[in-house]
Amino acid sequence: MATTKTLELRFGTAAGRVATLRVPDPKDGLTPAEVQAAMETIIAKNVFTSPSGDFIAVDSARIVERTTTALIGE
């Protein structure tokens, strides 16, 4: 059984849609304040864009944990 974590950062875009950035294996102990600050920096520095335009607002963030259990092989 293997467990993976992914940090999902969701941003509002210039076209009024939501774009998601996924960061595999985020460090343990991230606080909401740290994530908020990082997202605001990404927006301020215009680091990324998406098919629906530049990131213009923080929408949400979450850590997703996934457990995989092999039934045959692995």
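It should be noted that the structure appears before, not after, this text.
Summary of the structure given here. Here the structure is a predicted model, which means the values were calculated and not measured. (Residues numbered from 1 in each chain as written. Predicted model: local features only at pLDDT ≥ 70, side-chain atom pairs only at ≥ 80, totals over all residues. Heavy atoms only, no water.)

This part is about the overall build of the chain. Along the chain, the regular secondary structure elements total 1 helix and 4 strands. Ordered by position from N to C terminus, the α and β elements of the chain give β-β-α-β-β. A globule of 74 residues ought to have a C-alpha radius of gyration of about 11 Å, yet the chain, at 15 Å, is considerably larger. Overall size of the chain, expressed as C-alpha extent along the three principal axes, is 45 × 30 × 15 Å. Buried residues in the chain amount to 22% of all 74 residues. As presented, the chain carries roughly 5400 Å² of accessible surface, and 53% of it is formed by carbon and sulfur atoms. (Helix = DSSP H or I, 4+ residues; strand = E, 2+ residues; numbered from the N terminus. Rg over C-alpha atoms; globule rule 2.2 N^0.38 Å. Buried < 20%, exposed > 50% of the residue type's maximum accessible area, 1.4 Å probe, protein only. Areas by Shrake-Rupley, 256 points an atom, 1.4 Å probe, with all protein chains shown as cover.)

Another point: unusual backbone geometry. In the Ramachandran plot, Asp-25 falls in the positive-phi region, its phi being about 50° despite a non-glycine side chain. Note on placement: Asp-25 falls in the loop between strand 2 (18-24) and helix 1 (32-44). Phi at Asn-46 is positive, roughly 50°, even though this residue is not glycine. As for its position among the elements, Asn-46 is in the loop between helix 1 and strand 3 (49-50).

In the structure shown here, the tally under the stated rule is 2 aromatic pairs. With centroids separated by 4.5 Å and ring planes inclined at 10°, the aromatic side chains of Phe-11 and Phe-55 adopt a geometry described as stacked. Of this pair, Phe-11 sits in strand 1 (residues 2-13) while Phe-55 sits in strand 4 (residues 53-68); the two residues are 44 residues apart in sequence, bridging distant segments of the chain. In terms of burial, Phe-11 and Phe-55 fall into one category: buried. Between Phe-48 and Phe-55, the aromatic rings sit 6.4 Å apart at their centres with planes inclined by 35°, giving tilted as the arrangement. Among the aromatic residues, those joined into a ring-pair cluster are Phe-11, Phe-48 and Phe-55. (Phe/Tyr/Trp six-rings, centres within 6.5 Å; stacked < 30°, edge-to-face > 60°.)

The next point concerns the side chain of Ser-50. Summarising the element assignment, Ser-50 is placed in strand 3. Apart from the residues within four sequence positions on either side, Ser-50 is in contact with Thr-13, Ala-19 and Phe-55. (Contact = heavy atoms within 4.5 Å.)

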